[in-house]
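# Analysis of the macromolecular model
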Amino acid sequence: MRKGSIPENLNSVAERIVTACRSCDRQADAVTLLAVSKTRPAEDLRVAYAAGQRHFGENYLQEALDKQAELADCDIVWHFIGPLQSNKTREVAAHFDWMHTVERLKIARRLSEQRPAGMPLLNVCLQVNIDDEDSKSGVSVEKLPELAASVAALPNLALRGLMAIPAPRGVAEDQRTPFIRLARLLEDLKAQLPDQPLDTLSMGMSGDMEAAIFSGSTIVRIGTDIFGARK
Ligand SMILES: *Cc1c(COP(=O)(O)O)cnc(C)c1O
C-alpha cells in the first residue's frame, strides 16, 4: 500500500473495511478498527486520535503505560494485545479496557482479582493457537472449552470472544481457512456458554484483513497499514 500520512492511511483502511463488508453482506459498523500502535511514539497516536481513531492496541506494557500517561486527556479505548507474564497482570487489570491474549487460567484469575473495584468488567478474548504451531502462544483447540468455562466463572471479566494470529499463508484464498475455523469455535462456545457476551472475533492484520472480515472478524488489528512499517 502507498505510504501516506496517518490520517490518509486511516481513511484508506476504513474504505477497505467498508468494501470488504459490502462484498460479503456485512454491515461496515460490525467491524471495529483497532489501531496497533506498538513502537510508535505518543504523538503518532495523538494524530490518529485527532483523525477520529479511538481504539488503540499495545503489546508492551511499560511502553503502553508511558503513552497512556502522555495521552491522559484523550478518550481512548485501550486494548492489550501482547504476551503477558503473570507478574504484570495488575497493570493490565488497572489500565486497559480489553485484553486479547488470555491463554491460561492463571492469568485470567489474576486479572479478575486485580480489576479495581468500580471499574467496568475487563473485556477478554482467549487467544487460540489456531494452526497448532509449536512456537505460537494461545490455548490449543482441545483445551479451549475448559479454559472458556473457567474464565466465564470469574467475576470481574467479560468473556467476549476469541483472538488468533494464524501462520502466514502465501495464497490469499488460504488465509480464510484459520479464520473460518476460529469463527466456528466461537459458535461452539456460544452454545456451550449461552450466558456470556460472546460477540467478538479479534482477527485480521494488515496482510490478511479482508480474509478475516469475510470470515466474520469483528475487530481487525492494524498496525503497518496505518503507521507504516516498523523498524
Ligand atoms: C503487531 C501486531 C498486529 C499488527 O500487525 P500489522 O501487520 O502491522 O498490521 C496485530 N496483532 C498483533 C497481536 C500484533 O502483535
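The notes below deal with the structure included here. Every chain's residues receive numbers from 1 upward, in the order its sequence appears when written. The predicted nature of this model means local features are confined to residues of pLDDT at least 70 and side-chain atom pairs, given and counted, to a pLDDT of 80 or more, with totals for whole chains, interfaces and linings taken over all residues. To get the side-chain values, all heavy atoms of the structure are used, and hydrogens and water are removed first.

## Notes on the environment of Ile222
Heads up, the rule is: We count a stretch as a helix when DSSP gives it H or I for four or more residues in a row; a strand needs E for two or more, and each element gets its number in order from the N terminus. Only protein chains enter the accessibility calculation, which uses a 1.4 Å probe; a residue whose area is less than 20% of its type maximum is buried, one above 50% is exposed, and one in between is partly exposed. Residues are treated as being in contact if the distance between any of their heavy atoms lies within 4.5 Å.
Among the structural elements, Ile222 can be located in strand β8 (residues 219-222). The exposure class assigned to Ile222 is buried, which follows from its relative accessible area of 0%. Spatially, the C-alpha atoms of Ile222 and Met203 are 9.9 Å apart, while their sequence positions differ by 19 residues. If near-sequence neighbours (up to four positions away) are discounted, Ile222 is found in contact with Val13, Leu33, Leu34, Ala35, Val36, Gly204, Met205, Ser206 and Met209.

## Points about the packing of aromatic side chains
Just so we agree on the cut-off: Two aromatic rings from Phe, Tyr or Trp, using only the six-membered ring of Trp, form a pair when their centres are within 6.5 Å; if the ring planes differ by under 30 degrees the pair is stacked, by over 60 it is edge-to-face, and anything between is tilted. Only when the NZ of Lys or the CZ of Arg is both within 6 Å of the ring centre and within 35 degrees of the ring normal is a charge said to sit over the ring.
Applying the stated criterion across every chain, the model contains two aromatic pairs. Both rings, one in Phe56 and one in Trp78, keep their centres 6.3 Å apart while their planes meet at 40°; by these two values the pair is tilted. One end of the pair, Phe56, is in strand β2 (residues 55-58); the other, Trp78, is in strand β3 (residues 77-80), and 22 residues separate them in sequence. The exposure class assigned to Phe56 is buried, which follows from its relative accessible area of 0%. Note on Phe80 and Phe96: the rings are 5.4 Å apart at their centroids and 85° apart in plane angle, and the pair reads as edge-to-face. With a gap of 16 residues between them, Phe80 in strand β3 and Phe96 in the loop between α4 (89-95) and β4 (98-102) connect regions that are remote in the sequence. Exposure remark for Phe80: the relative accessible area of 1% places this residue in the buried category. The ring of Tyr49 is capped by Arg54, whose NZ or CZ atom sits 3.8 Å from the centre of that ring. The ring of Phe214 is capped by Arg176, whose NZ or CZ atom sits 4.2 Å from the centre of that ring.

## Description of the pattern of salt bridges
Rules: We define a salt bridge as a side-chain nitrogen of Lys or Arg found within 4 Å of a carboxyl oxygen belonging to Asp or Glu.
On inspection of all chains with the given rule, the structure shows 10 salt bridges. A salt bridge links Asp131 to Arg169; the shortest N-O distance between them is 2.6 Å. Of this pair, Asp131 sits in the loop between β5 (122-127) and α6 (144-152) while Arg169 sits in the loop between β6 (157-163) and α7 (176-192), placing them 38 residues apart in sequence. Judged by its relative accessible area of 18%, Asp131 falls in the buried class. Two residues, Asp131 and Arg181, come together in a salt bridge whose shortest N-O distance is 3.8 Å. Taken as a pair, Asp131 in the loop between β5 and α6 and Arg181 in helix α7 lie far apart in primary sequence, 50 residues in all.

## Quick look at the packing of helix α1 (residues 6-23) against helix α2 (residues 42-50)
What counts, and what does not: Axis lines are fitted through C-alpha atoms, for helices just across the contact stretch, and the angle between N-to-C directions can take any value from 0 to 180 degrees. Should an angle lie under 35 degrees it is considered roughly parallel, over 145 roughly antiparallel, and from 65 to 115 roughly perpendicular; all remaining angles are considered oblique. The crossing is said to be left-handed when, going from far helix to near helix, the turn is anticlockwise and less than a right angle, and right-handed when the turn is clockwise. All amino acids are sorted into three groups, where Ala, Val, Leu, Ile, Met, Phe, Trp, Tyr, Cys and Pro are nonpolar, Asp, Glu, Lys and Arg are charged, and the leftover types, Gly among them, are polar.
Between α1 and α2, whose axes approach to 9 Å, the crossing angle comes to 55°. When the axis of α1 is compared with that of α2, the two are oblique. Crossing of α1 against α2: the hand is right-handed. Residues Ile6, Pro7 and Leu10 of α1 pack against Asp44, Val47 and Ala48 of α2. Classifying every residue of the contact of α1 with α2 by side-chain character gives five nonpolar, no polar and one charged.

## Comments concerning the site of the ligand
The test is simple: One heavy atom within 4 Å of a molecule or strand is enough for the residue carrying it to be called near that molecule or strand. Each polar contact in these results corresponds to two N or O atoms within 3.5 Å; when the atoms are within protein, one needs to be able to donate a hydrogen and the other to accept it, and residues that are neighboring in sequence are counted only if both atoms are side-chain atoms. Surface exposure here means Shrake-Rupley accessible area, sampled with a 1.4 Å probe, where a residue is shielded only by the protein chains that are shown. With a 1 Å grid laid over protein atoms only, a set of points is called a cavity when a 1.4 Å probe fits there but cannot get out and a pocket when it is open yet has protein on both sides within 12 Å along at least five of seven lines; lining residues have an atom within 4 Å of a point. Just a note on the criterion: a molecule sits in a pocket or cavity if more than half of its atoms are within 2 Å of the grid points.
Taken together, 13 residues lie around the ligand, and Lys38, Asn59, Ser206, Thr224 and Arg230 are the ones closest in. In this structure, Lys38 approaches the ligand through a side-chain N or O atom, which is 2.6 Å from an oxygen atom. Interatomic distance of 2.8 Å between a side-chain N/O atom of Arg230 and an oxygen atom of the ligand. Protein chains shield 89% of the accessible area of the ligand, which is 390 Å² for the free molecule. Structurally, the ligand is housed in the largest pocket. When the residues that make up the shell around the ligand are grouped by side-chain class, the tally is six nonpolar, four polar and three charged.

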